[in-house]
Amino acid sequence: MNIYFAVIITSLIISWLLGVTSDFLNARAMRPAPPREFRDVFDTDTYRQSQEYTRASMKFSSLTDSFNTAVILIVILFGGFNLLDQIIRSLGLSTLSTGLIYIGALGLISGTMSLPFEAYHTFVLEKKFGFNTTSLTTFVTDRIKGLFLTGLIGGILVAAILLFLREAGGYAWLYCWGFAVAVSLGLTYVAPTWILPIFNKFTPLEKGELRLALETYADSAGFELSGIFVMDGSKRSTKSNAFFTGFGKRRRIALFDTLIKEMTVDEIVAVLAHEVGHAKLGHIKKRMFTGILKTGAIFYLMSLFLDSRPLFDAFGMEQTSIYAGLVFFVLLYTPLSLILSVISNRISRTHEYEADAFAATTTEYPDSMISALKKLSASNLSNLTPHPLTVWLGYSHPPVLDRIRALKSHRK
Ligand SMILES: [Zn+2]
């Protein structure tokens, strides 16, 4: 028995089973009435809708997961990776071009297969619950823009990695690491001005009560903001959000237009305060630092497996190559990636509690964070009672009920 084959197949099945189990437990954890804290924002009808939405979303993600797992298992068992390799090799191109086409083709095939699922999600599921505002034109142009960006950035990244691995010997992983980190920091730096505007319109928040309140808060917290922008989130969905982009002096906050529409000034200040908390408490730096370390560890691990003939045998490959090795390593990495994401979600949830506490203690009205969270969960039809396994596996934010209870403990 090929050990790589066993590890990959087992971990694909385990990760699928975990998803199915978590959905099952989640459905059982639903309660007939909303928790006490939410009775003012969730009436019976909204609560029933939120449960239906949770159920529909789970069914959808189970279906997608099952489909994807089945496809990848079939491709592995029937030698699909080798077949594609033979077809592309028959074109007689250079090793680098062959590698780029191989990885690009895999990306295109999986992207094309997920397209019907994405369309269903947007135009059927989200529409049914009144969230979708994406027009067909937006949907199509989003995909085209995404394809272009991924092709360009991914192409450069993969080409560099393939070249380093071929030319740089034992230290190749260090070069790959340095390059990948430089690209990712560069992207973060240009995202607010070059990348995000490709998909959304950002307009500076007009002068008025809200702007004044946000600026006053930022000043009082000793936080430098290079801009407050409104993003046309309503172009795709009625769901709302807020986020920071860029770093250092170029840091700006983007508020969804949908958020501004449904929240009071104090609630939006609380949302800003929460985000400022992430920055002030060093969460953003910590996340960046662990991300960089993780990238290094991945490249180092990868360098250990790339020459391993049994890894190629697991996929029935006739010839070995760096590019196929890269793809197989990603699959081999599945179990470790699952463990790491559980750990990083755990850390992220702790950070969310800390940022909430920061918002509650530094704003004038500590209860604004609570009412902001309640409004958000009602308008997004959030699942109020997720099962602990679901939270443990995939929640980057604590369940909203736990956040509210923690916030109440900060009342002076
Ligand atoms: Zn947060």
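Here the structure is a predicted model, which is why all the values come from computation and not from measurement.

Caption draft 1: Just helix α12 (residues 322-332), in detail. α12 sits mainly inside the fold: nine of its eleven residues count as buried. Every buried residue of α12 is accounted for by Tyr-323, Ala-324, Gly-325, Leu-326, Val-327, Phe-328, Phe-329, Leu-331 and Leu-332. The N-capping residue of α12, defined by a side-chain oxygen 3.2 Å from the backbone nitrogen of Ala-324, is Ser-321.

Caption draft 2: Representation of the packing of helix α1 (residues 3-28) against helix α13 (residues 334-362) in the model. Taken N-terminus to C-terminus, the directions of α1 and α13 make an angle of 35°; their axes are 8 Å apart at the nearest point. Here α1 contributes Val-7, Ser-11, Ser-15 and Leu-18 to the contact with α13, which in turn contributes Thr-334, Pro-335 and Leu-338. Here the residues of the contact of α1 with α13 are counted per class, giving four nonpolar, three polar and no charged.

Caption draft 3: Local environment of unusual backbone geometry. At Leu-381, a position not held by glycine, the phi torsion is positive, near 50°. Mapped onto the elements of the fold, Leu-381 is located in the loop between α14 (367-379) and α15 (388-394).

Caption draft 4: Examining the sheet that holds strand β2 (residues 228-231) more closely. Read across the sheet, four strands follow the order β1-β2-β4-β3 without closing on themselves; strand pairing throughout is mixed. Edge positions in the sheet fall to β1 (202-204) and β3 (242-245), since each has one partner strand and no second. Shown here is a sheet whose adjacent strand axes are inclined to one another by a mean of 30°, direction ignored. Each of β3 and β4 (252-256) touches helix α9 (residues 265-280); the most contacted strand, β3, lies at about 40° to it.

Caption draft 5: Representation of the layout of surface pockets. Looking at the second largest pocket, its volume works out to about 570 Å³. Along the walls of the second largest pocket sit 21 residues, with Gly-104, Gly-107, Leu-108, Leu-147 and Thr-150 positioned nearest its centre. Residue assignment for the lining of the second largest pocket shows that the elements contributing at least two residues are α4 (95-128) and α5 (136-167). Sort the elements by how many residues they give to the lining of the second largest pocket and α4 lands first, with eleven residues. Along the lines of polarity and charge, the residues of the lining of the second largest pocket split into eight nonpolar, ten polar and three charged.

The rules behind these values
Within each chain, residue numbers correspond to sequence positions counted from 1 in written order. Under the rules for a predicted model, residues below a pLDDT of 70 receive no local features and side-chain atom pairs below 80 are neither given nor counted, while totals for whole chains, interfaces and linings still include all residues. Side-chain metrics rest on all non-hydrogen atoms present in the structure, leaving aside hydrogens and water. Note on exposure labels: buried denotes an accessible area under 20% of the residue type's maximum, exposed denotes more than 50%, and partly exposed covers the range between, all computed with a 1.4 Å probe on protein chains only. Numbering goes from the N terminus for both helices and strands, where a helix is a DSSP run of H or I of at least four residues and a strand is a run of E of at least two. Any N or O atom pair separated by 3.5 Å or less is treated as a polar contact, with the protein-specific requirement of one donor-capable and one acceptor-capable atom, and with residues adjacent in sequence counted only for side-chain atom pairs. Interaxial angles span 0 to 180 degrees and are taken between N-to-C directions of axes, which are lines fitted to C-alpha atoms, for helices over the stretch in contact. We call two residues in contact when some of their heavy atoms are within 4.5 Å. Three classes are used, and their members are as follows: Ala, Val, Leu, Ile, Met, Phe, Trp, Tyr, Cys and Pro are nonpolar, Asp, Glu, Lys and Arg are charged, and the others, Gly among them, are polar. Pairing between strands is defined by DSSP: at least two bridges between them are needed. Only protein atoms enter the 1 Å grid used here. Points where a 1.4 Å probe fits but cannot escape make up a cavity, open sets with protein on both sides within 12 Å along at least five of seven lines make up a pocket, and a residue lines them when an atom lies within 4 Å of a point. Grid points are joined across faces, edges and corners, and a volume is the space filled by probe spheres set on the points.

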